[in-house]
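Fold and geometry: a report
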Amino acid sequence: MELYYIIAITDHDRGEAMCSLYHAAGLHLILSMPARGTATSEHLAIYGLDATEKCVIAAVGSAQEADSLIRSAKRKLFIDIPGNGVMLTVPLKSVAGGKILSYLTDDLKAGGAPNMNFEHELITVILNEGYSDFVMDAARAAGAGGGTVLHAKGTGGTRGEKFFSVSLADEKDMIYIIAHRDEKAAIMRSINEQAGPGTKAGAICFSLPISSVAGLRAQGEEN
């Protein structure tokens, strides 16, 4: 069974309706997180992620559940039309044990190769609270259209509370940026050089593959 982390980013006032679709799809462990958009006005038609309050909904599901959920979101919430939000799936390699697999999927059978032929990647940036605009300026300088900011808290850990003079236990922001695979490296390099460890933002970034995405226009399409 192929497993995916299914993420939806939509306006706050549409979050409850999106959660209902996740529940109707039979998914378990549905997470709903408040967030805010960062996109500038010239990118709104492309990414649908303006500076309004957002809601991020996430859950783990099979390929069939992910496809069904996205189809339902397209039909009922018009998620495939830019401006109504974004949905994406990130392939999972493994889960920790049969009981967890059974809880997440109602199935004890795992296996199957997730679709790794992806056009987009999800850049995830962890940074010091209050520097999201600084990080997004660096990302936009390399071609990023917009992002979604979530609040988080670092917990430190056994390696100590400092990493390149960045406190790991302070309040944090986390930014999701959806990037085309041809733009991903430049965006991550710009963030690292302008807002990475050693700066006040202290940004640490990595990327995850996106197997499918709805709500973005094709690269090169007219705005």
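Let me begin by describing the structure that accompanies this report. (Residues numbered from 1 in each chain as written. Predicted model: local features only at pLDDT ≥ 70, side-chain atom pairs only at ≥ 80, totals over all residues. Heavy atoms only, no water.)

**Comments concerning the overall build of the chain**
Counted only if it meets this: Think of it this way: any DSSP run of H or I at least four residues long counts as a helix, any run of E at least two long counts as a strand, and we number them from the N terminus. Note on exposure labels: buried denotes an accessible area under 20% of the residue type's maximum, exposed denotes more than 50%, and partly exposed covers the range between, all computed with a 1.4 Å probe on protein chains only. Contact between two residues is taken to exist if any of their heavy atoms lie within 4.5 Å; hydrogens are not considered. Note on areas: Shrake-Rupley, 1.4 Å probe, and residue coverage restricted to the protein chains presented here.
Counting its secondary structure elements, the chain contains six helices and eleven strands. Expressed as a percentage of its 223 residues, the buried residues of the chain come to 44%. Residue pairs in contact within the chain that sit at least 24 positions apart in sequence constitute 78% of those at least 6 positions apart. Entry remark: accessible area of the chain is about 11,200 Å², with carbon and sulfur atoms responsible for 53%.

**Focus on helix α1 (residues 15–24)**
Three- or four-residue spacings in an α-helix give side chains the same orientation, since the helix completes a turn every 3.6 residues. For clarity, the threshold we go by: The arc in question is formed by the directions pointing from the helix axis toward the C-beta atoms.
All of the buried residues along α1 are Gly15, Met18, Cys19, Leu21 and Tyr22. Buried residues in α1, looked at end-on, bunch into an arc of 155°, giving them a common side. Exposed residues on α1 whose side chains face more than 90 degrees from its buried face are Glu16, His23 and Ala24. Where the residues of α1 are buried, they touch β1 (3–11), β2 (28–37), β3 (53–62), α3 (63–77) and β4 (86–91).

**Details of the environment of valine 56**
Assignment of secondary structure puts valine 56 in strand β3. With 20 residues separating them along the chain, valine 56 and arginine 36 place their C-alpha atoms 9.2 Å apart.

**Here we look at the nonpolar core**
We apply this condition: Nonpolar cores are built from buried Ala, Val, Leu, Ile, Met, Phe, Trp, Tyr and Cys residues. Side-chain atoms within 4.5 Å join them into one set.
Counting 20 residues, the largest nonpolar core has Ile6, Met18, Tyr22, Leu69 and Met87 as the members making the most contacts within it. Of all the secondary-structure elements, those providing two or more residues to this core are β1, α1, β3 and α3. It is α3 that provides the largest number of residues to this core, a total of six residues. The residues touching tyrosine 22, leaving out its near neighbours within four places in the chain, are Ile6, Ile7, Ala8, Leu27, Ile30, Ile57, Ala58, Ala59, Leu69 and Met87. Residues Val149, Ile187, Ile191 and Ala195 belong to the second largest nonpolar core, which totals 18 residues.

**Some points on unusual backbone geometry**
Even without being a glycine, leucine 29 presents a positive backbone phi close to 50°. Here leucine 29 lies in strand β2. Phi at phenylalanine 78 is positive, roughly 55°, even though this residue is not glycine.

**Comments concerning the packing of α1 against α3**
This is how it is decided: The axes used here are C-alpha line fits, helices contributing only the stretch in contact, and every angle between their N-to-C directions lies in the interval 0 to 180 degrees. Handedness of a crossing is defined here by the sense of rotation of the near helix relative to the far one, left-handed for an anticlockwise turn of less than a right angle and right-handed for a clockwise turn.
Remark: α1 packs on α3, axes separated minimally by 10 Å, with the N-to-C direction vectors making an angle of 140°. At the point where α1 passes α3, the crossing takes the right-handed sense. Residue-level contacts link Ala17, Met18, Leu21 and Tyr22 of α1 to Leu69, Ser72, Ala73, Lys76 and Leu77 of α3.

**A word on the pattern of salt bridges**
Oppositely charged side chains are able to pair whenever their charged atoms sit close together. Put simply, the rule reads: Between Lys or Arg on one side and Asp or Glu on the other, a salt bridge is scored when a side-chain nitrogen of the former is within 4 Å of a carboxyl oxygen of the latter.
This model, assessed by the stated rule, comprises four salt bridges. The partner of glutamate 119 in a salt bridge is arginine 181, with the nearest N and O atoms 3.2 Å apart. Remark: arginine 181 occurs in helix α6 (residues 181–195) and glutamate 119 occurs in the loop between α4 (98–105) and β5 (120–128); sequence separation between them is 62 residues. Between lysine 184 and glutamate 121 there is a salt bridge, with the nearest N and O atoms lying 3.8 Å from each other. Note that lysine 184 is positioned in helix α6 and glutamate 121 in strand β5, a separation of 63 residues in sequence.

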